[in-house]
Amino acid sequence: MLATIPEKFMHRVRWFLACGWLILIFSLFYDPISPWLTDSNTHWSPFKINPDACITVQGVCLEQEPYYLGASLFWGLIVPSGVFMLLVFGHEFWRRICPLGFMSQLFRSLGKQRQRKRVDPNTGQTHYELVKIKADSWLGKNALKLQLALLYIGVCGRLLFYDSNRTILGVFLLLTIASAILVGYLYGGKTWCQYFCPMAPVQEFYGEPRGLLNSVAHEGKTTAITQSMCRRQNADGTETSACVACNSPCIDIDAERSYWDAIKKPDYKFLYYSYAGLVVGFFLYYYLYSGSWAYLLSGAWTHQKNQLELLFSPGFYLFNTPIPIPRLIAAPLTVGLFSALGYFVGIQLEKLYKTYQFKNNPILTPQQLQHQVFTLTTFWVFNFFFIFAGRSYIGKFPIQVQYLFNISLVLTSTLWLYRTWGRSLERYSRESLASRLRQQLTRLQVDVSRFLEGRSIDLLTADEVYVLAKILPGFTGDKRLEAYKGILRDSLEEGYVNTASSLEVLQQMRQELGISEQEHLTILTELGVEDPDLLDPNQKRSRENQLRLQTFRQRIRGMVGSKRRRGAKGLGRELLKVVKKEKAIGDVLDKEGGTVESLSREYGITLEEEKQIIANLDGESQLERRSDILLHQLQDLQDIELALLHPPATLAIPHLRTGLEILRSTVSQKQRVIAKGVLKILEQWDSGTEATRIVLALASLTPHVLPNLLEDHEQKWSERLSDTHLSRLQQQLKQEGPKPAKLSDKVMASYLETLLAEPDSLTKTVSLYLLAKLDNERGKQQARQLLDSYLMLNPSLKETAQQILANADEQETKVVTPLERLLYLSSCDLLKALKAESLMELSYQVPIKEYQKSDIIWEQGEVCKDLLMLLDGQVESQHLQEDETVIMEEIEPVNLLNELEILGNLEAMGTCIVTSPKAFFLVIEGSIFNELLAQDKGFSRKVIEQESRRLQQLQQLTNS
């Protein structure tokens, strides 16, 4: 709700609230006014006590005396208001006004935070970096548990020490402020809020996935600054991100994304269920201690004078009998037991609810069911909380106002339940991708006004955006691919997807836009060419990190001075000298925006990131770096290509060679796209030693794809490249390529593992299958990793991995997956002319048949109905001639036994007998084969041509 309010105004609001909080804390130590306001003789005061009221505690009426309001206001009014704000206005409202979070940023605003010194071993350059909590550290992994523990300690402290003791409460609050300021000095960003603050779990409980009125960060008109993320105001009044990526995903940037990321973690169940138990235990203890609800509802617990004296008094009062357990033990015991009970009961109720829903609504995903349970928990706890919270103040109003307040609470929480109930990860993803599509339609300047009837494209729902993309007449062909490319680029930059998951996560988007899997893979490779770092698996990308680097880059560019005097090339050369330590960065950049060192510290920029960003300001050095990365990729692809062309003997089997050809087509596709990217770089380089090196390297690394690429009439490379470049490319292509070295199984396995990382499901499946054939143990290891991953595996890939782990060799019946059948069928000369779709469909239709030793498959003169391919085992064909002599012929595996007989509907020319202990055949039913011939005329023609040549060859052999 406050996301769009200027930071300048909110800064003043935080100052005002912080000062008000400090005044409240001061009043806990010195307050001459409150006793007068609460005195029964101050008739006009709403806070006056009623001396005739009897509030019983363990059977004794409390003495009613004038009291100080500080603790009462804090516990009875301010804390409940915070809970109400979180549910109604969302976490962003509280985060932007929280005075404690504001104070934790004191040292950041002074620029005095702790720095970690780093020295470049190559140049000796000294660099200071912000200290941040690492995600893989103990604190990074256990922050929620620590915060819940601190919350438990804080709640127990209330019951025992500072519910009514003003001095201890004041000291406690000052220590909390000091702790927040100290953490703000020791660590960058909102580390106090993210990792230490005891209120953070409460904010997540009530504020996620969204409040009733809060803004959303993933849809609509997306801006660089969302919700309650860190921001700074520039001198010109504009705002920029101040995010240092202290946590990812960050609740301040996108609370719903943070929620869906965390919902599958066990810690979140502990948060929701134990917090529910903690709230019940906290309020119930007042009754268990006093013996009546009046003690809690009257607020008398906020101004008892002798709280410390009660630590060793009876902690329970049940059935009008004091229980001799000291309050010092009773209070923590009650809260702890109810927290544990809340977790246990929550888990059991969750199981019952999920069991019921799985039977009645099987379409609901586990995440959606978990979300519904969490939503019901929050709804119930919120209403339970306000049965008791703030009642000492609400009770002072007329009964009509009290009823109105109660109705308003129930209505508010019901509206929140209605708004939150239908949320799901799938819905969030769809809305997020629709927002990206909306941005791409705007960037491409596609005319959509006549379809919107006066509405803005930003006001369309996710479903309407998808429908719009389908009906737009101009949104086809290249524009459709360009829009998808932009969506994929943004998703990769923000860490929303990676190369492995992009195919799965963006599947719905691809279907909506009509993007094929192959087009997706081509675009993915193109993005890697345009920005090689984008697909680097070693870089952990996130939206937070992207914002941090992007803002730093923009501010550095804003500091680049004297462009008018130097020009782009002169500036580029000077920046290159900076990278090489030949010149100081301060001599190149203006000082108006601050120094590079101060900016680096402000955004937590590492030495490596600073070098890369500054180097990329120079266009020529950036092109040089890109070309080096691309040529290195081409070198790796050439090594893989040579290995696929000249594999070890283990893989030199017909049907396995078919798999190698499938992988080679993937490699060739990547080579074409990368080579095209290098040609675009050469287009910007007319001459020079560096350009010559790139030309020669490109031609030597892509001898099989570059000639066709240069002859592409649509690209017109002959016009785009200089004559010198074209001449050198042609000369280098005439040179003899590298001779393949003898390849070991170990090296080949490493290449297959590299291809296994490709996003293409067929490439993954074939790579895994061949790896298992080459090295069974490594194949099992990779299969296990795939099955244990969170990726949605292609059915064929999943089946192949399961078969590898099942040790098929030890099974009595041979199991052949559809992939293996596809490879067997593809290796058959007779079937190579089939379309890929028909071949894939056929692989699911053909069964495996097993024969024992001495079994007769068919006898001479018998008419065969089915086409058989020998997969494994030994078979002998015995042909009885007219002179009663028998010609014996051994049939090799992975060969068709009776193709001529099936095609000509002829009698078998010999008797086939199994000579090995077992033999396995792939059986293609005659009816299915005839259907293929009837449906695919091209296939029929190829079969006729092929068999005609075979008959001619047989006739020539007979005549000779």
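Data block above holds the structure.
A brief structural summary. (Residues numbered from 1 in each chain as written. Predicted model: local features only at pLDDT ≥ 70, side-chain atom pairs only at ≥ 80, totals over all residues. Heavy atoms only, no water.)

1. So, the environment of Lys918
Here is step 1: Looking at the secondary structure, you find Lys918 in strand β16 (residues 918-925).
Here is step 2: We classify Lys918 as partly exposed; its relative accessible area is 33%.
Here is step 3: Between the C-alpha atoms of Lys918 and Gln874, which are 44 residues apart in sequence, the distance is 8.0 Å. (Helix = DSSP H or I, 4+ residues; strand = E, 2+ residues; numbered from the N terminus. Buried < 20%, exposed > 50% of the residue type's maximum accessible area, 1.4 Å probe, protein only.)

2. Notes on the packing of helix α3 (residues 70-89) against helix α10 (residues 200-207)
Here is step 1: For the pair α3 and α10, interaxial distance at closest approach is 8 Å and the crossing angle is 40°. One way to sum up the angle between α3 and α10 is to call them oblique. Of the two elements, α3 crosses α10, and the hand of that crossing is right-handed. From α3, Val83, Leu86 and Leu87 reach across to α10, where they touch Val202, Gln203, Tyr206 and Gly207.
Here is step 2: Of the residues in the contact of α3 with α10, the class split is 5 nonpolar, 2 polar and no charged. (Axes fitted to C-alpha atoms, helices over the stretch in contact; angles between N-to-C directions. Parallel < 35°, antiparallel > 145°, perpendicular 65-115°, else oblique. Left-handed = near helix turned anticlockwise from the far one by under 90°. Contact = heavy atoms within 4.5 Å. Nonpolar A, V, L, I, M, F, W, Y, C, P; charged D, E, K, R; others polar.)

3. Some remarks on the packing of aromatic side chains
Here is step 1: Taken as a whole and assessed by the stated rule, the structure comprises 40 aromatic pairs.
Here is step 2: Arranged with centres 6.4 Å apart and planes meeting at 65°, the rings of Phe283 and Phe384 form a pair that is edge-to-face. With Phe283 in helix α12 (residues 266-290) and Phe384 in helix α15 (residues 366-388), the pair connects residues that are 101 residues apart, well separated along the chain.
Here is step 3: Judged by its relative accessible area of 16%, Phe384 falls in the buried class.
Here is step 4: Relative to Phe388, the ring of Trp293 has its centre 5.1 Å away and its plane inclined at 25°; by these criteria the two rings are stacked. Of this pair, Trp293 sits in the loop between α12 and α13 (294-298) while Phe388 sits in helix α15, and the two are 95 residues apart along the sequence.
Here is step 5: Take Phe388: its relative accessible area is 11%, and that puts it in the buried class.
Here is step 6: Residue placement shows Arg327 over the ring face of Tyr289; its charged tip is 4.3 Å from the ring centre.
Here is step 7: A cation over an aromatic ring shows up here: Arg436 above the ring of Tyr496, its NZ or CZ 4.8 Å from the ring centre. (Phe/Tyr/Trp six-rings, centres within 6.5 Å; stacked < 30°, edge-to-face > 60°. Lys NZ or Arg CZ within 6 Å of the ring centre and 35° of its normal.)

4. Description of a positive patch on the surface
Here is step 1: On the surface, Lys937, Arg941, Lys942 and Arg949 cluster together into a positively charged patch.
Here is step 2: Within the secondary structure, Arg949 sits in helix α43 (residues 937-959). (Patch = residues over 30% accessible without salt bridge, like charges linked within 9 Å, V, L, I, M, F, W, Y side chains within 5 Å. Areas by Shrake-Rupley, 256 points an atom, 1.4 Å probe, with all protein chains shown as cover. Salt bridge = Lys/Arg side-chain N within 4 Å of Asp/Glu carboxyl O. Lys, Arg positive; Asp, Glu negative; His and termini not counted. Charge placed at Lys NZ, Arg CZ, Asp CG, Glu CD.)

5. Quick notes on helix α18 (residues 425-443)
Here is step 1: Counted at 1.5 Å a residue, the expected span for α18 with its 19 residues is 27 Å, and the 27 Å between its end C-alpha atoms agrees.
Here is step 2: Gln445 lies just past α18 and shows a positive phi near 55°. (Expected span 1.5 Å × (residues − 1).)

6. Focus: the pattern of salt bridges
Here is step 1: Enumeration according to the criterion identifies 36 salt bridges in this entry.
Here is step 2: In this structure, the salt-bridge partner of Arg423 is Glu256, at a minimum N-O distance of 2.9 Å. Of this pair, Arg423 sits in the loop between α17 (399-421) and α18 while Glu256 sits in helix α11 (residues 255-262), and the two are 167 residues apart along the sequence.
Here is step 3: In this structure Arg423 comes out as buried when scored by relative accessible area, which is 6%.
Here is step 4: For Glu820, the salt bridge goes to Lys773, with nearest N and O atoms at 4.0 Å.

Function cannot be inferred from these measures alone, as they are strictly geometric.
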